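The lines below spell out each chain.
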Amino acid sequence: MMPELPEVVVTLRGVSPHVIGKQVVSVDVREGRLRWPVPADLSSLLSGQTLLDGRQRGKYLLFRFPAGHLMIHLGMSGNLRIVSDETPVGKHDHVDIIFGDGTVLRYTDPRRFGTIQWLVGAPEQHPLLSSLGPEPFEEAFTGEYLYQASRGRKVPIKQFLMDNKVVVGVGNIYANETLFHCGICPTLAAGNVSRSRFDALAIEVRRVLASAIEQGGTTLRDFVGGDGKPGYFKQQLYVYGRGGEACLRCGSVLMEIRQGQRSTVFCPVCQE
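Heads up: these notes are all about the structure in this document. These numbers were taken from a predicted model, which means no experiment stands behind them. (Residues numbered from 1 in each chain as written. Predicted model: local features only at pLDDT ≥ 70, side-chain atom pairs only at ≥ 80, totals over all residues. Heavy atoms only, no water.)

## Things to note about the sheet that holds strand E7 (residues 103–108)
- With respect to topology, 4 strands assemble into an open sheet ordered E1-E6-E7-E5, the strand pairing being antiparallel. Each having just a single partner strand, strand E1 (24–29) and strand E5 (79–84) make up the two edges of the open sheet. Across the sheet, the mean angle separating the axes of adjacent strands is 20° when strand polarity is ignored.
- Pairing between strand E6 (residues 93–99) and E7: 5 bridges, direction antiparallel. Paired with Ile98 across the strands is Val104, a residue of E7.
- Against the sheet, helix H1 (residues 5–19) contacts E5, E6 and E7, and its axis sits at roughly 30° relative to E5. (Pairing = 2+ DSSP bridges. Helix = DSSP H or I, 4+ residues; strand = E, 2+ residues; numbered from the N terminus. Axes fitted to C-alpha atoms, helices over the stretch in contact; angles between N-to-C directions. Contact = heavy atoms within 4.5 Å.)

Written as structure tokens, this is what we have:
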């Protein structure tokens, strides 16, 4: 399963304390054929530079250096972890960023759908970031914003929520869960959702994502050595992955359908 926004946030929190403020001495690119090629001169670009800070934009990680930003997307199977320069290299360990004290930020990606890019200038102007909607925890993300963005839209509300041009970070798992808790049928046209329901959706999106991030915090140690994978945090999922089972709220059988090539699970009683 593809890492979603909470996994990306926890990854950033997990690796940052070990590399922020440290100077890069070299970069070892063993396999540069990711979704887009890793810059061939990445080692010369980063060597001698100090990592100033890190943040996320949607599912993209942005590590800021004096001369630019290193942008990383974990794709469908990627992960970052902290290892030492003596840690054996695995088959899918494609890129090592090596710091002066021997700390290594290692990028692993079995399916190679992720990306590592070097950005000069404002990251928000990059084509991959320029069209992204607001972050779910920003003040701009409100029920009123969602209501106005949805007017005249016939797309189902679930796919509307998962559109990164509307809001970033609401992936399949969290869209399923949010709609359940708000009692909204996932097939309802976005343009037919009321303002009051959008108010509830904005609040619930934040709550569901914040809960996942909080629960993921217990996995921070996994980013130092080991396989570096927090996986999907241990949390009670009310509908996702539970098609055909009993609704935890009313006992009805949960229905499972396909929307946009993704699984959608909902309660036909609780989500009329």
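## Some remarks on the side chain of Ser77
- Tracing the sequence through the fold places Ser77 in the loop between strand E4 (68–73) and E5.
- Owing to a relative accessible area of 16%, Ser77 belongs among the buried residues under this scheme.
- A distance of 3.0 Å separates a polar atom in the side chain of Ser77 from the backbone nitrogen of Arg111.
- Contacts of Ser77, omitting those with residues within four sequence positions, involve Pro3, Thr108, Asp109, Pro110, Arg111 and Arg112. (Buried < 20%, exposed > 50% of the residue type's maximum accessible area, 1.4 Å probe, protein only. Polar contact = N/O pair within 3.5 Å; in protein donor to acceptor, adjacent residues only side chain to side chain.)

## Details of the nonpolar core
- Among the nonpolar cores identified, the biggest contains 26 residues, and Leu46, Phe63, Leu70, Ile72, Leu80 and Ile116 are the most heavily contacted of them.
- If you tally residues by element for this core, the top one is H1, at 4 residues.
- Leaving out residues up to four positions away in the same chain, Phe63 has contacts with Leu12, Val15, Leu51, Asp53, Gly54, Gly68, His69, Leu70, Ile72 and Leu80.
- Formed by 23 residues, the second largest nonpolar core is a distinct cluster that contains Ala175, Leu201, Val208 and Leu209. (Core = buried A, V, L, I, M, F, W, Y, C linked by side-chain atoms within 4.5 Å.)

## Topic: the packing of aromatic side chains
- Counting across every chain of the model gives 3 aromatic pairs.
- Ring centres of Phe65 and Trp118 lie 6.2 Å apart, and the angle between their planes is 50°; this geometry places the pair in the tilted category. Of the two residues, Phe65 sits in strand E3 (residues 60–65) while Trp118 sits in strand E8 (residues 115–119), which places them 53 residues apart along the sequence. Per residue, the accessibility class of Phe65 equals that of Trp118, and both read buried. (Phe/Tyr/Trp six-rings, centres within 6.5 Å; stacked < 30°, edge-to-face > 60°.)

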